[in-house]
Amino acid sequence: MQKILVVDDEPAIVTLLSYNLTQANYDVETAMNGNDALALATSQTFDAILLDLMLPGMDGVEVTRKLRQERIATPIIMITAKTDEFDKVFGLEIGADDYITKPFSPREVIARLKAALRRYQNVPEDFATSLTSQMIQIGDIVIDTAKVTVRRRGERVQLTPKEYELLLYLAKRPHQVLKRDQLLEGVWGFDYAGQTRMVDVHMSHLRDKLEPDPKHPIYLKTVRGFGYRLEAPLHD
């Protein structure tokens, strides 16, 4: 049974989510402040975390930041009452995998949760490789699709599930210029139509983790006015 951590300071929301997730056959733990959430998430193993943005003690942004600093890659779906695009993008920038805006329906939450769990646990069917082609190498970057790992110069690179999906999508189409809308549809799906800023945020994360100099990328190139492409540098 998959284990979910629900974090919100509103008892009604905690009860609503706990009930519906339990009915959907998830094992649920709860917390009502950021400090308790961080303690639980660092001492136990969860399959996903539903995390409110505005929490007493330590807000959801800080909880997410600390979990990612600890290299805990558990999918985090941020729950926010704020509708400003900056707040949503900021949440993604510091390591959240998705967000849901209040008010929400339990059905929407479960659908988003299932999608996040699928991304984390399995390589998507679109990216399936044959048994003889489980490794993809681009310069010093090696993607092992069987183990769902990424290494650069032999060192393991910790990516979030969405960062991994984006890199793999690009790696399957080397040297092709891919538009933001194409990346958005291929990696995030139709639910995110038009939200191309998410592509830029995750591309920035990948550059920070993979590029020798993120400000002058040699792998993840921007093609101005079009989109992005992944290429192997001649020299690294």
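Given the structure is predicted, the values throughout are model-derived calculations rather than measurements. (Residues numbered from 1 in each chain as written. Predicted model: local features only at pLDDT ≥ 70, side-chain atom pairs only at ≥ 80, totals over all residues. Heavy atoms only, no water.)

Digging into the packing of helix H2 (residues 34-43) against helix H3 (residues 60-69)
- Here H2 crosses H3 at 25 degrees, and the two axes come no closer than 10 Å. Relative to H3, H2 is oriented roughly parallel. Handedness of the H2/H3 crossing: right-handed. Here Gly34, Leu38, Ala41 and Thr42 of H2 lie close against H3, whose contacting residues are Val63, Lys66 and Leu67.
- In terms of residue class, the contact of H2 with H3 is made up of 4 nonpolar, 2 polar and 1 charged. (Axes fitted to C-alpha atoms, helices over the stretch in contact; angles between N-to-C directions. Helix = DSSP H or I, 4+ residues; strand = E, 2+ residues; numbered from the N terminus. Parallel < 35°, antiparallel > 145°, perpendicular 65-115°, else oblique. Left-handed = near helix turned anticlockwise from the far one by under 90°. Contact = heavy atoms within 4.5 Å. Nonpolar A, V, L, I, M, F, W, Y, C, P; charged D, E, K, R; others polar.)

Examining the confidence of the model for the protein chain
- Averaged over every residue, the pLDDT of the protein chain is 84; the share at 70 or more is 84%.
- Taken as a whole, residues 122-133 scores under 50 in pLDDT and shows 15 contacts with residues more than four places along the chain or in a different chain. (pLDDT = per-residue confidence, 0-100.)

Overview of the environment of Asp144
- Assignment of secondary structure puts Asp144 in strand E7 (residues 141-144).
- For Asp144, a relative accessible area of 11% puts it in the buried group.
- The sequence separation of Asp144 and Leu168 amounts to 24 residues, and the corresponding C-alpha distance is 9.8 Å. (Buried < 20%, exposed > 50% of the residue type's maximum accessible area, 1.4 Å probe, protein only.)

Thoughts on the environment of Asn35
- Counting through the fold element by element, Asn35 comes out in helix H2.
- By relative accessible area, Asn35 is classed as partly exposed at 41%.
- A sequence separation of 20 residues divides Asn35 from Leu55, and the C-alpha atoms of the two residues are 9.2 Å apart.
- Leaving out residues up to four positions away in the same chain, Asn35 has contacts with Gly57 and Met58.

Describing the sheet that holds strand E3 (residues 48-52)
- The 5 strands lie next to each other as E2-E1-E3-E4-E5, forming an open sheet whose pairing is parallel. Each edge of the open sheet is held by one strand with a lone partner, namely strand E2 (27-31) and strand E5 (98-101). Each adjacent strand pair in this sheet contributes to an overall mean axis angle of 20 degrees, direction not counted.
- The strands that H3 touches are E3 and strand E4 (76-80); relative to E4, the one it contacts most, it runs at about 170 degrees. (Pairing = 2+ DSSP bridges.)

Remarks on helix H1 (residues 11-23)
- Under the 1.5 Å per step criterion, the end-to-end length of H1 is 18 Å for 13 residues, consistent within 8% with the ideal 18 Å.
- Where H1 is concerned, the buried positions are Ile13, Val14, Leu17, Ser18 and Leu21. In an axial view of H1, the angular spread of the buried residues amounts to 125 degrees, which keeps them on one side of the axis. Away from the buried face of H1 by more than 90 degrees, exposed residues Pro11, Ala12, Thr15, Tyr19 and Gln23 are located.
- Of the residues one or two after H1, Asn25 is the one with positive phi, at around 70 degrees. (Expected span 1.5 Å × (residues − 1). Arc of directions from axis to C-beta.)

Description of the packing of helix H7 (residues 180-188) against helix H8 (residues 197-210)
- It is the contact of H7 with H8, at a shortest axis distance of 9 Å, that shows an interaxial angle of 80 degrees. Classed by the angle they form, the pair H7 and H8 counts as roughly perpendicular. When H7 is examined against H8, the residues Arg180, Leu183, Leu184 and Trp188 are found in contact with a partner set consisting of Met198, Val199, Asp200, His202 and Met203.
- Its residues assigned to classes, the contact of H7 with H8 shows 6 nonpolar, 1 polar and 2 charged.

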